[in-house]
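A look at the structure
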2 protein chains.
Amino acid sequence: MSSIASVKVRGIHHLGIAVADLDEAISTYERLFGARVEDRDELSELGVSAASLFVGASRIELVAPTGEDTHVGRFLARRGPGMHHVALETTDIEETIRRLRGEGAQMIDETPRRGLFGLEVAFVHPGAVHGVLTEVVFNG
Amino acid sequence: MSSIASVKVRGIHHLGIAVADLDEAISTYERLFGARVEDRDELSELGVSAASLFVGASRIELVAPTGEDTHVGRFLARRGPGMHHVALETTDIEETIRRLRGEGAQMIDETPRRGLFGLEVAFVHPGAVHGVLTEVVFNG
C-alpha cells in the first residue's frame, strides 16, 4: 500500500455535467460564463457525446446521451440534468488506484481504461466517496 | 449589459459537496486523495457547517446540515449525499451578476451576500444552468 506522501493528486481536472442537448448547454456556458470550447468527442460504446469547455482556467465536461438506454440517458431520466461526476487528475493512475483499493474504496474500474478526450481514466464508486461519482484521470 | 470581453470568470473556486457527517467526510478525502483542511466555518442562519479542503491545487467545500429542517438537510433527505453546487470565482461579482441578469439567468441572490469563509457570493438558480446550482464568488 502506498504511503500518503506518494499520492499525487493535482486537483480537479474537470467537472462533468450531464445535459440533454449538448449545443444548447455549450451556448449557455458561453453566454453566462464566457466559456470556450476546447474539444468535442464521442464514446459510442458508452453512448455519450461530449464537449470539453474552459471556464476561466477550469475545465467543464458536458456529456449528453446518444440515446435513452445509455448511462447518461438513464441519469437524465432519473435525476434530470446536473452535475454527474468530478474528475481528479493524478500523476500516476496505477498508484492512485492501488491506494484507493488499499483504503477499501470500491472501484468501478479496477484498471485504467481509455476515456473521453484520450484520457486514461478509472471511476471510483460513488458509495466510497459520499455519493460523488469520482473519476481519476491521467493526462498523458 | 456588459460585453462578453468584460466577464472575468477565473475558474472553479470550489466544488460544494453535501455530506451527513463532516468529520467522516474530511477523513475520506484525506485518506483517498491526500486532501488537507484549509479552514472550517459555520453559517448558523443557513444551518450549515462546512470545511474547505485542498485536493491538490483545487478546493472542495464539504457542507453538512446543522439540522434536518435546513437547505442541506432537505437536500440530503431528498437526494442523499453528493455534489451540491459549483462555485465560479469572478474578479467582479457585481458585473458578473449584471451580465447573468442581462442574459436572462434567474438569480437566487440578486445582490452579493456574505457566504461561508468570508466570501462575497451570489447563487444562480439551477434552472438557468442546466440543473447545476452555480455560485459566483468574489474572494477579496
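Rules used throughout
Residues numbered from 1 in each chain as written. Chains lettered and ligands numbered in written order. Predicted model: local features only at pLDDT ≥ 70, side-chain atom pairs only at ≥ 80, totals over all residues. Heavy atoms only, no water. Helix = DSSP H or I, 4+ residues; strand = E, 2+ residues; numbered from the N terminus. Expected span 1.5 Å × (residues − 1). Buried < 20%, exposed > 50% of the residue type's maximum accessible area, 1.4 Å probe, protein only. Arc of directions from axis to C-beta. Polar contact = N/O pair within 3.5 Å; in protein donor to acceptor, adjacent residues only side chain to side chain. Patch = residues over 30% accessible without salt bridge, like charges linked within 9 Å, V, L, I, M, F, W, Y side chains within 5 Å. Areas by Shrake-Rupley, 256 points an atom, 1.4 Å probe, with all protein chains shown as cover. Salt bridge = Lys/Arg side-chain N within 4 Å of Asp/Glu carboxyl O. Lys, Arg positive; Asp, Glu negative; His and termini not counted. Charge placed at Lys NZ, Arg CZ, Asp CG, Glu CD. Pairing = 2+ DSSP bridges. Contact = heavy atoms within 4.5 Å. Axes fitted to C-alpha atoms, helices over the stretch in contact; angles between N-to-C directions.

Residue and element names in this part refer to chain A. A rise of 1.5 Å per residue sets the reference length of helix α1 (residues 22-33), with its 12 residues, at 16 Å; its end C-alpha atoms lie 16 Å apart and thus fit the reference within 8%. Of all the residues in α1, the buried ones are L22, A25, I26, T28, Y29, L32 and F33. An end-on view of α1 places all buried positions within 160 degrees of arc, on one side of the element. A distance of 3.1 Å separates the backbone nitrogen of D23 from a side-chain oxygen at the start of α1, and that oxygen is part of D21.

Time to look at a positive patch on the surface. Positive charge collects at one region of the surface, where A:R78, A:R79, B:R78 and B:R79 lie side by side. Among the secondary structure elements, those contributing two or more residues to the positive patch are α2 (71-79) of chain A together with α2 (71-79) of chain B.

Residue and element names in this part refer to chain B. Positionally, T70 belongs in the loop between β4 (58-65) and α2. For T70, a relative accessible area of 10% corresponds to the buried category. Sequence separation between T70 and M107 is 37 residues, and the spatial gap between their C-alpha atoms is 20 Å. A polar contact of 2.8 Å, which involves the side chain of T70, links it to the backbone oxygen of G67. Engagement of the side chain of T70 in a polar contact is seen with the backbone nitrogen of G73, the distance being 2.9 Å.

The next thing to look at is the sheet that holds strand β8 (residues 134-138) of chain A. Residue and element names in this part refer to chain A. With mixed pairing, 8 strands are arranged side by side in an open sheet as β2-β3-β4-β1-β5-β8-β7-β6. Strand pairing shows two members of the sheet lacking a second neighbour, β2 (36-43) and β6 (113-114), which therefore form its edges. Bridge analysis of strand β1 (residues 9-18) against strand β5 (residues 82-90) gives 8 bridges, and the strand direction is antiparallel. Looking across to β5, one finds that A18 is bridged to G82. In the packing of α2 onto the sheet, the strands contacted are β1, β3 (48-55), β4 (58-65) and β5, and the crossing angle to β4 comes to about 90 degrees.

Now for the environment of B:A35. All names here are of chain B. Relative to the elements of secondary structure, A35 occurs in the loop between α1 (22-33) and β2 (36-43). Spatially, the C-alpha atom of A35 lies 9.8 Å from that of A57, the residues being 22 residues apart in sequence. If near-sequence neighbours (up to four positions away) are discounted, A35 is found in contact with Y29, E30, L53, F54 and V55.

On to the environment of B:V48. Residue and element names in this part refer to chain B. Tracing the backbone through its elements, the reader meets V48 in strand β3 (residues 48-55). V48 sits in the buried class, given a relative accessible area of 5%. Separated by 72 residues in sequence, V48 and E120 have C-alpha atoms that sit 17 Å apart. In contact with V48, other than residues within four places in its own chain, are D41, E42, L43, V63, A64, T66, V72 and L116.

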